[in-house]
Amino acid sequence: MTALLEVEDLRVAYGKIEAVKGISFAVETGQVVTLIGTNGAGKTTTLRTLSGLLRPSSGNITFDGKPLTGVAAHKIVALGLAHSPEGRHLFPRLTIEENLQLGAFLRKDKDGIEKDIQRVYELFPILGERRKQASGTLSGGEQQMLAMGRALMSRPKLLMLDEPSMGLSPIMMKKIMETIRELREQGTTILLVEQNAQAALTLADHAHVMEIGRIALSGTGQHLLHDESVRKAYLGED
Ligand code: ATP
């Protein structure tokens, strides 16, 4: 079986500084794959490159059988790869509903769009209750839910989530993680970047630990959750 996403020897640099130094990994359809690692390891850079926001200096990206390297960001969304970025990037003056509609900007099927908006409200009932509220006035957790909902509105084959738990209370974080599990059960394939290694590894089918631009360790989520070096470095154990 060929993977939905295949990344081969990917390198990305900001000027002379190489942030991603030759990483390879794959995401199979239906899986949750996570990239964990400390600040500055290159996780966000990797996602931004996959979305076409940054150009790699070398390496190959294949998505759904097609090469992605050099393809424009909006075309990558059209191919089925959606990105819920770090820091959310919502349109603060627009309402929840308007933000969700913008997530479907490439679609023409009005009925399908309306159905998917309802599906987002089922996943996150608070968004339905506040549908006419400007997104800039939402709490951090609510904004995170909206960012995920907006990414889902393009009906992606692969949903990339960058630090969905960042800055959230433990209750909100639990809710977001439960939703990721629910989405997986509904068949959504997910590439998850997280600082919260415990939560990410618990969810993930497959995980990669990034350290200064490289993949230092890979395995199933369960395997890494019980790996001694991971426990010491990322799960705060002595
Ligand atoms: P975090 O969890 O802190 O977001 P990360 O693993 O996502 O970390 P990146 O944001 O990908 O890490 O950053 C990787 C490296 O690239 C860091 O050393 C960072 O300082 C550098 N970097 C990121 N963005 C830029 C930029 N626009 N210009 C120059 N260097 C950058």
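As the structure is a prediction and not an experimental result, all values here were calculated from the model.

About the cut-offs
- Residues numbered from 1 in each chain as written.
- Predicted model: local features only at pLDDT ≥ 70, side-chain atom pairs only at ≥ 80, totals over all residues.
- Heavy atoms only, no water.
- Pairing = 2+ DSSP bridges.
- Helix = DSSP H or I, 4+ residues; strand = E, 2+ residues; numbered from the N terminus.
- Salt bridge = Lys/Arg side-chain N within 4 Å of Asp/Glu carboxyl O.
- Buried < 20%, exposed > 50% of the residue type's maximum accessible area, 1.4 Å probe, protein only.
- pLDDT = per-residue confidence, 0-100.
- 1 Å grid on protein atoms, 1.4 Å probe; cavity = no way out; pocket = protein on both sides within 12 Å on 5 of 7 lines; lining within 4 Å.
- Points joined across faces, edges and corners; volume = space filled by probe spheres on them.
- Axes fitted to C-alpha atoms, helices over the stretch in contact; angles between N-to-C directions.
- Parallel < 35°, antiparallel > 145°, perpendicular 65-115°, else oblique.
- Left-handed = near helix turned anticlockwise from the far one by under 90°.
- Contact = heavy atoms within 4.5 Å.
- Near = heavy atom within 4 Å.
- Polar contact = N/O pair within 3.5 Å; in protein donor to acceptor, adjacent residues only side chain to side chain.
- Areas by Shrake-Rupley, 256 points an atom, 1.4 Å probe, with all protein chains shown as cover.
- Nonpolar A, V, L, I, M, F, W, Y, C, P; charged D, E, K, R; others polar.
- Core = buried A, V, L, I, M, F, W, Y, C linked by side-chain atoms within 4.5 Å.

(A) Seen up close, the sheet that holds strand β4 (residues 58–63). Strand order in this open sheet of four strands is β2-β1-β4-β5, and the pairing throughout is antiparallel. Of all strands in the sheet, those bounded by a partner on one side alone are β2 (17–27) and β5 (66–67). Inspection of the sheet shows strand β1 (residues 5–14) paired to β4 by five bridges, in the antiparallel sense. Pairing of glutamate 8 across the sheet is with asparagine 60, part of β4.

(B) Representation of the pattern of salt bridges in the model. A full pass over the atoms with the stated rule returns nine salt bridges. Where aspartate 116 meets arginine 107, a salt bridge forms, and the shortest distance between an N and an O atom there is 2.8 Å. In this structure, aspartate 116 and arginine 107 share a single accessibility class: buried. One salt-bridge network, in which partners are shared between bridges, spans Arg107, Asp109, Asp116 and Arg155.

(C) Structural context of the confidence of the model for the chain. Here the chain shows a mean pLDDT of 92. Residues at 70 or above account for 99%. Quick note on the complex model: pTM equals 0.91, ipTM equals 0.91.

(D) The arrangement of unusual backbone geometry in detail. Although it is not a glycine, aspartate 9 adopts a positive phi angle of roughly 50°. Inspection of the secondary structure assignment puts aspartate 9 in strand β1.

(E) Local environment of the layout of surface pockets. In this structure, the largest pocket encloses a volume near 550 Å³. Val77, His83, Pro85, Phe105 and Arg150 are, among the 20 residues lining the largest pocket, the residues nearest its centre. Residue assignment for the lining of the largest pocket shows that the elements contributing at least two residues are α2 (73–79), β6 (81–84), α3 (96–103) and α6 (140–152).

(F) The arrangement of the sheet that holds strand β10 (residues 214–220) in detail. Here we have six strands laid out as an open sheet, ordered β6-β7-β8-β3-β9-β10, and mixed in their pairing. In the strand order of this sheet, the two ends are held by β6 and β10, each with one partner. When strand polarity is set aside, the average angle formed by the axes of neighbouring strands in this sheet is 15°. Across five bridges, the pairing between strand β3 (residues 32–37) and strand β8 (residues 189–194) is parallel. In the strand pairing of β8, valine 32 is matched with isoleucine 190.

(G) Looking closely at the packing of α3 against helix α4 (residues 110–123). Two elements in contact, α3 and α4, have axes whose closest approach is 10 Å; the angle formed by their N-to-C orientations is 125°. If you check the angle between α3 and α4, you find them oblique. The handedness of the crossing between α3 and α4 comes out as right-handed. Where α3 abuts α4, its residues Ile96, Glu97, Leu100 and Gln101 lie against Ile117, Val120 and Tyr121.

(H) Structural context of the site of the ligand. Surrounding the ligand, one finds 13 residues, the nearest of these being Asn39, Gly40, Lys43, Thr44 and Thr45. Glycine 42 places a main-chain nitrogen or oxygen 2.8 Å from an oxygen atom of the ligand. The separation between an oxygen atom of the ligand and a polar side-chain atom of glutamine 195 is 2.9 Å. In the complex, the protein chains occlude 60% of the 630 Å² of accessible area that the ligand would expose alone. Counting residues per element, the shell around the ligand draws most heavily on helix α1 (residues 43–50), which supplies three residues. When grouped by side-chain class, the residues that make up the shell around the ligand number three nonpolar, seven polar and three charged.

(I) Up close: the nonpolar core. Judged by nonpolar contacts, the single largest core of 45 residues is most densely connected at Leu100, Leu127, Leu159, Ile180 and Ile190. For this core, the element with the most residues is α6, which contributes six residues. Beyond its immediate sequence surroundings of up to four residues, leucine 100 is in contact with Ile117, Val120, Tyr121, Leu146, Gly149, Arg150 and Met153. Core analysis: the next-biggest nonpolar cluster, separate from the first, contains 25 residues, Ile23, Leu47, Ile76 and Leu191 among them.

(J) How the structure looks around the side chain of aspartate 116. Mapping aspartate 116 onto the fold places it in helix α4. One polar contact links aspartate 116 to arginine 155, side chain to side chain, over a distance of 2.7 Å. Those residues in contact with aspartate 116 that sit more than four places away from it in its chain are Arg107, Met153 and Arg155.

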